Amino acid sequence: MKNTTALRTWLDEMNLTHPLVIAGPCSAETEEQVLKIAHELKDSDVNYYRAGIWKPRTRPGMFEGVGEIGLRWLKKVKEETGMKTCTEVANAAHVKLAMEYDVDLLWIGARSTVSPFIMQEIADALQGTDKIVLVKNPVNPDLALWLGGIERLYTANIKNLGAIHRGFSTYEKSKYRNIPEWQLAIEFQNKFPDLPLICDPSHITGNRNMIFDVSQTALDLNFDGLMIETHIDPDNAWSDAAQQVTPTRLKQIMEDLKIRKETETDSKYRDSLENLRAQINVIDDQLIDMLGKRMKVADQIGQLKKEKNVAVLQSKRWNEILGNMVLEGEQRGLSEEFILRMFKAIHQESINHQEKIING
Ligand code: PEP
Ligand code: MN
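Residues numbered from 1 in each chain as written. Chains lettered and ligands numbered in written order. Predicted model: local features only at pLDDT ≥ 70, side-chain atom pairs only at ≥ 80, totals over all residues. Heavy atoms only, no water.

Colleague: Account for the overall build of the chain, with residues named and values stated.
Modeller: Broken down by element type, the chain carries 14 helices and eight strands. Seen through its principal axes, the chain has C-alpha atoms that stretch 75 × 50 × 40 Å. Burial statistics for the chain: of 360 residues in total, 47% are counted as buried. At a minimum sequence separation of 6, the contacts of the chain that also span at least 24 residues come to 73%. Total accessible area on the chain stands at roughly 18800 Å², and carbon and sulfur atoms take up 51% of it. (Helix = DSSP H or I, 4+ residues; strand = E, 2+ residues; numbered from the N terminus. Buried < 20%, exposed > 50% of the residue type's maximum accessible area, 1.4 Å probe, protein only. Contact = heavy atoms within 4.5 Å. Areas by Shrake-Rupley, 256 points an atom, 1.4 Å probe, with all protein chains shown as cover.)

Colleague: Go over the site of ligand 1, please, and point to the residues and values.
Modeller: Around ligand 1, the structure places 13 residues, and the nearest of them are R50, K55, A110, K136 and R166. Note that an oxygen atom of ligand 1 is positioned 2.9 Å from one of the side-chain N or O atoms of R111. Between ligand 1 and the protein, one listed contact pairs an oxygen atom with a side-chain N or O atom of H203 at 3.4 Å. Expressed as a share of its isolated accessible area of 290 Å², the protein-covered part of ligand 1 is 97%. (Near = heavy atom within 4 Å. Polar contact = N/O pair within 3.5 Å; in protein donor to acceptor, adjacent residues only side chain to side chain.)

Colleague: Give me the coordination of the manganese ion (ligand 2): which residues, what numbers.
Modeller: Distances from the manganese ion (ligand 2) to its protein donors, namely C26 (SG), H203 (NE2), E229 (OE) and D240 (OD), fall within the range 2.1 to 2.4 Å. Along the chain, the residues that donate to the manganese ion (ligand 2) are spaced as C-x176-H-x25-E-x10-D. Of this pair, C26 sits in the loop between strand 1 (20-24) and helix 2 (31-41) while H203 is found in helix 9 (residues 201-205), placing the two residues 177 residues apart along the sequence. For H203, a relative accessible area of 8% translates into the label buried. (Donors = N, O, S within 2.8 Å, 3.2 Å for Na, K, Ca; no water.)

Colleague: Explain a nonpolar patch on the surface to me, and be specific about the residues and the numbers.
Modeller: Among the surface-exposed residues, L334, F338 and M342 lie close enough to one another that they form a single nonpolar patch of about 220 Å² accessible area. Turning to its location among the elements, L334 is positioned in the loop between helix 13 (315-331) and helix 14 (336-359). (Patch = residues over 30% accessible without salt bridge, like charges linked within 9 Å, V, L, I, M, F, W, Y side chains within 5 Å. Salt bridge = Lys/Arg side-chain N within 4 Å of Asp/Glu carboxyl O.)

Colleague: Tell me about the environment of V77, residues and numbers included.
Modeller: Residue position: V77 is located in helix 3 (residues 69-81). When the C-alpha atoms of V77 and Y49 are compared, they prove to be 8.2 Å apart, with 28 residues separating the residues in sequence. Dropping the residues within four chain positions of it, V77 is found in contact with V34, L35, A38, Y49, G82, M83 and T85.

Colleague: Which residues make up the pattern of salt bridges, and what values do they have?
Modeller: This structure, assessed with the given rule, holds 14 salt bridges. Note that E31 and K76 form a salt bridge whose closest N and O atoms lie 2.6 Å from each other. Residue E31 is located in helix 2, and its partner K76 is located in helix 3; the two are separated by 45 residues in the primary sequence. Between K78 and D102 there is a salt bridge, with its nearest N and O atoms 3.5 Å apart. Highlighted residues: K78 in helix 3 and D102 in the loop between helix 4 (92-100) and strand 4 (105-108), separated in sequence by 24 residues. K78 gets classed as partly exposed once you look at its relative accessible area, which sits at 21%. The class for D102 is partly exposed, based on a relative accessible area of 37%.

Colleague: Tell me what's going on with helix 11 (residues 247-256), and back it up with residues and numbers.
Modeller: Within the span of helix 11, buried status applies to P247, L250, I253 and M254. On an axial view of helix 11, the arc spanned by its buried residues comes to 115°, and they lie on one face. Exposed side of helix 11, more than 90 degrees from the buried face: T248 and E255 are the residues found there. Looking at the buried residues of helix 11, the elements they touch are strand 1, helix 2, helix 10 (211-220) and strand 8 (225-229). (Arc of directions from axis to C-beta.)

Colleague: Which residues make up the sheet that holds strand 7 (residues 197-199), and what values do they have?
Modeller: If you walk around this closed barrel you meet the eight strands as 1-2-3-4-5-6-7-8, and the pairing is parallel. For this sheet, the mean angle separating the axes of adjacent strands, direction not counted, is 25°. Bridging between strand 4 and strand 5 (residues 132-136) involves four bridges; their strand directions are parallel. Paired with W107 across the bridge in strand 5 is L134. (Pairing = 2+ DSSP bridges. Axes fitted to C-alpha atoms, helices over the stretch in contact; angles between N-to-C directions.)

The following block contains the structure:
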């Protein structure tokens, strides 16, 4: 995408003193539920009220959304509270209805962004709209696919665009429902600093107790806003119960989040420092995660050696690893001394693990 400087305009024009906030239930369930949550959120920092009308569920037979009638309820939200509204669209028919009911902002879900066919269909249906359109990352960590979807909209002359980071699906188990892969979001920002970027901690964590921390990390990494699923009775929500927070909790989260100040040379320095430190924290988490994984593999090797009665220490193999790592390290500006010390420590830990298995 060239010349994307127009992209920030919609957000800049809002003149917000805090990050953009989108909140509301995962799904519209009943008229009463939709309106009750909206009334509780109207005197808060919430800029857009969200509710899923068509729900992309992993398996059929689960609650798949109330459909068109929910758009009537969103219209009522706007009339009664003055809040702007938003919902997810996943095909041309959804777009047509959302436009008819004058939904203010549309987002495209992770399961749609993965499909260039669907993205093109939505782009064609939205052609030339001045509505704000936010594109969630695809379920898999593929930056090009994400950008490709946004590009299709941009090419269809939709200029009020933005992106939502909702984490990535993985086969491996982790504490997240969808792993944030923050370095991908950082790369995204570096490539397209003019594209507003919103974080969705609800779908990243899948757990209401982790919403605050992930939101803070996002703000530290210069995200422009947050989308947080909010429900009056989270435990009994018809979808995504574990990750929704109450309106009261949402307001508390907003109050507690540290929002970095802009302007001023001194605070600029602090901003940069905080941003870099947040990046370091993310990388450190990854280092620990990788080391944990390495030890799990070492355990499996220990098990094999035990079965075959083979010695833990295999010097030839170990010297090969060391030699390779010293070379790899050199290419990345890491000293031989550091590499040797670090790998000796890692090796020792592996040996300890394997000893435990063989003798345990
Ligand atoms: C949602 O926002 O409710 C949703 C279905 O999200 P995602 O597309 O990120 O799974
Ligand atoms: Mn949801």
